[in-house]
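# Report on the structure
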Amino acid sequence: MGLTSKTTAAGKLATGPRSRTIPGGPRPGRTRLIEIVKILKIKKLGGFRLYLYFSDGTEGEWDFAHVSAEGGTMVEPLRRPKYFARVFLQLGVLTWPNGFDLDSIALHDEMMSAGVLRRTAA
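Here we summarise the structure given alongside this text. (Residues numbered from 1 in each chain as written. Predicted model: local features only at pLDDT ≥ 70, side-chain atom pairs only at ≥ 80, totals over all residues. Heavy atoms only, no water.)

### With respect to the environment of Arg49
What counts, and what does not: Think of it this way: any DSSP run of H or I at least four residues long counts as a helix, any run of E at least two long counts as a strand, and we number them from the N terminus. For the exposure calls, accessible area comes from a 1.4 Å probe over protein chains only, and a residue counts as buried if that area is under 20% of its type's maximum, exposed if over 50%, partly exposed in between. What makes two residues a contact is simply this: any of their non-hydrogen atoms within 4.5 Å. As used in this structure description, the phrase polar contact means that two N or O atoms lie within 3.5 Å; if the pair is within protein, one of them must be able to donate a hydrogen and the other to accept it, and residues adjacent in sequence are counted only when both atoms belong to side chains.
On the secondary structure map, Arg49 appears in strand S4 (residues 49-54). Note on Arg49: relative accessible area 31%, which makes it partly exposed. Through-space distance from the C-alpha of Arg49 to that of Pro81 is 9.8 Å; in sequence the pair is 32 residues apart. With sequence-adjacent residues up to four places away left out, Arg49 is seen in contact with Lys43, Lys44, Glu61, Trp62, Asp63 and Phe84. Among the polar contacts listed, one links the side chain of Arg49 to the side chain of Glu61, at a separation of 2.5 Å.

Quick look at the structure:
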C-alpha cells in the first residue's frame, strides 16, 4: 500500500513513498515500493542551473528555467534568480523557503530520460 501523492505547481508528484505493481513480481497483483532516490548534494551553477548528486550514484546538470516559467503562486518567487538560488535540501528533496519542492524521483527520471545523468566513479 502506497501513500497518496499530490501534484506540485510544476506538475511533478510531491515526495513520499509510492507503490506500483511490478510485472513479473513475486505474485501478480502484489505491489512493491519504487526505489527511493534522494538528492545528496547540490551545486549552484548560476541562473536556474543546478548540478545534482543522487543517492543511486548518478549525477548531472539540469536547467530549471522551465520550472520558473510555470504558473502559480508557489512558483512565482522562483522566477527571480536570487530567490531560485536559495534552494536547499530537505530530506533529499530540492526545497525553497516558501515550501515549494520538487520530487527527487520524478526529477531523476526526467534527467535520466534526457540522458544528462552519468554514473559517479566508484
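Now that the structure has been shown, the text picks up again.
### Thoughts on the pattern of salt bridges
Stated precisely, the cut-off is as follows: Basic side-chain nitrogens of Lys or Arg form a salt bridge, by our definition, when they fall within 4 Å of a carboxyl oxygen of Asp or Glu.
Inspection of every chain in the model, using the stated rule, returns 2 salt bridges. The residue Arg49 makes a salt bridge to Glu61 at a minimum N-O spacing of 2.5 Å. With Arg49 in strand S4 and Glu61 in strand S5 (residues 58-63), the pair connects residues that are 12 residues apart, well separated along the chain.

### Description of the packing of aromatic side chains
Stated formally: Only Phe, Tyr and Trp rings take part, Trp by its six-membered ring, and two of them pair if their centres are within 6.5 Å. Stacked means planes under 30 degrees apart, edge-to-face means over 60, and tilted covers everything else. By definition here, charges over rings are those cases where NZ of Lys or CZ of Arg is within 6 Å of the ring centre and within 35 degrees of the ring normal.
Tallied over the full model, the rule gives 5 aromatic pairs. Measuring from ring centre to ring centre gives 5.3 Å for Phe48 and Phe84, while their planes differ by 75°; the resulting arrangement is edge-to-face. You can see Phe48 sitting in the loop between strand S3 (39-46) and S4 and its partner Phe84 sitting in helix H2 (residues 81-84), a full 36 residues away along the chain. A single burial state applies to Phe48 and to Phe84, both of which are buried. Ring geometry for Phe64 against Phe84: centres 5.9 Å apart, planes inclined by 40°, an arrangement best described as tilted. Placement of Phe64 in the loop between S5 and helix H1 (65-68) and of Phe84 in helix H2 is noted, with a sequence separation of 20 residues between them. Take Phe64 and Phe84: they sit in the same class, and that class is buried. An aromatic cluster of three or more residues is present, and its members are Phe48, Phe64, Phe84, Trp96 and Phe100. The ring centre of Tyr53 lies 5.1 Å from the NZ or CZ of Lys41, which sits over that ring. For Lys43, the ring lying beneath its charged end belongs to Tyr51, and the centroid distance is 5.7 Å.

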